[in-house]
Amino acid sequence: MIAEDSFVFRVIDLKQYVYCPRILYYHTVLPQVRPLTYKMEAGIAAHTQTEQKEKRRSLRTYGLQQGERQFNVPLYAPELYLSGELDMLIETATELIPVDFKQSKQEGEHFRLQLLAYGRLLNAICNPQQKTIRRGFLYLIPSRQAVEVSFTPALQRKFDKAMAQLHLIAEGQQMPEPTKKSGRCVDCEFRRFCNDVL
Ligand code: SF4
């Protein structure tokens, strides 16, 4: 059970928690220390370029004949304790489809859960017509590839579990274990705080 005065998380917090739980911890207890790295600046620039190109493209990349696109859609649902800004929303006659642009060569579970979080937010606040929200797309900028992600029951369960863990970390303010994938620490901006890795 989540307390009423719990934190409201950003969708990016969920992604970062799945990537490494400590990143969420540092964000929560040391919000002022995060530097803007070259990698982040490059990611922001790539997003902007992708958005401009996307406005000129057809929806064939997503296997769709028609649909309306909205960009940078702000989303906030207090009942989900979640907020975020979606890169692109495709609305068809029957579906709402979130699309997240990624400056990455491959997809991963942290990205899939982030996409599902946008789906949950859309369902909570942008879906008066009860359109289907069953999938989303990760658009991998380097390869210009759209990867479809199905919002399966297993992914939904992982999302619920991760959100519960987010609240425990933020409320308990205890440093969680580092990621088991130590390769992720190599270029992490919080590495100087993690003396027990690498
Ligand atoms: S250095 Fe490693 S363990 Fe520490 S926050 Fe970064 S990814 Fe996580």
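In short, a report on the structure. This one's a predicted model, so the numbers in the text were calculated from it and none came from an experiment.

## Brief notes about the overall build of the protein chain
- Helix and strand counts for the protein chain stand at five helices and six strands.
- In the protein chain, the succession of α and β elements from N to C terminus is β-α-α-α-β-β-β-α-β-β-α.
- For the protein chain, the proportion of its 198 residues judged to be buried stands at 27%.
- A separation of at least 24 residues holds for 66% of the contacts in the protein chain among residues at least 6 apart in sequence.

## Remarks on the nonpolar core
- Membership of the largest hydrophobic core comes to 37 residues, with the highest contact counts inside it found for L14, L113, A117, Y118, L122, A162 and L166.
- Going through the elements one at a time, helix 1 (11-19), helix 2 (21-29), strand 3 (82-91), strand 4 (96-102), helix 4 (109-125), strand 5 (135-140) and helix 5 (153-172) are the ones with two or more residues in this core.
- The leading source of residues in this core is helix 4, at eight residues.

## Notes on the packing of helix 1 against helix 2
- Where helix 1 contacts helix 2, the axes come no closer than 5 Å and their chain directions differ by 135 degrees. By the angle between their axes, helix 1 is oblique relative to helix 2. Packed against helix 1, whose contacting residues are D13, Q16, Y17 and Y19, the element helix 2 presents P21, I23, L24 and H27 at the interface.
- Its residues placed into classes, the contact of helix 1 with helix 2 shows five nonpolar, two polar and one charged.

## A few points about helix 4
- For helix 4, spanning 17 residues, the distance from its first C-alpha to its last is 24 Å, which sits close to the expected 24 Å at 1.5 Å a residue.
- Here helix 4 has its buried residues at F111, R112, L113, Q114, L115, L116, A117, Y118, G119, R120, L121 and L122.

Parameters at a glance
Residues numbered from 1 in each chain as written. Predicted model: local features only at pLDDT ≥ 70, side-chain atom pairs only at ≥ 80, totals over all residues. Helix = DSSP H or I, 4+ residues; strand = E, 2+ residues; numbered from the N terminus. Buried ≥ 20, exposed ≤ 12 C-beta atoms within 10 Å, placed from the backbone. Contact = placed C-beta atoms within 7 Å. Core = buried A, V, L, I, M, F, W, Y, C linked by C-beta atoms within 7 Å. Axes fitted to C-alpha atoms, helices over the stretch in contact; angles between N-to-C directions. Parallel < 35°, antiparallel > 145°, perpendicular 65-115°, else oblique. Nonpolar A, V, L, I, M, F, W, Y, C, P; charged D, E, K, R; others polar. Expected span 1.5 Å × (residues − 1).

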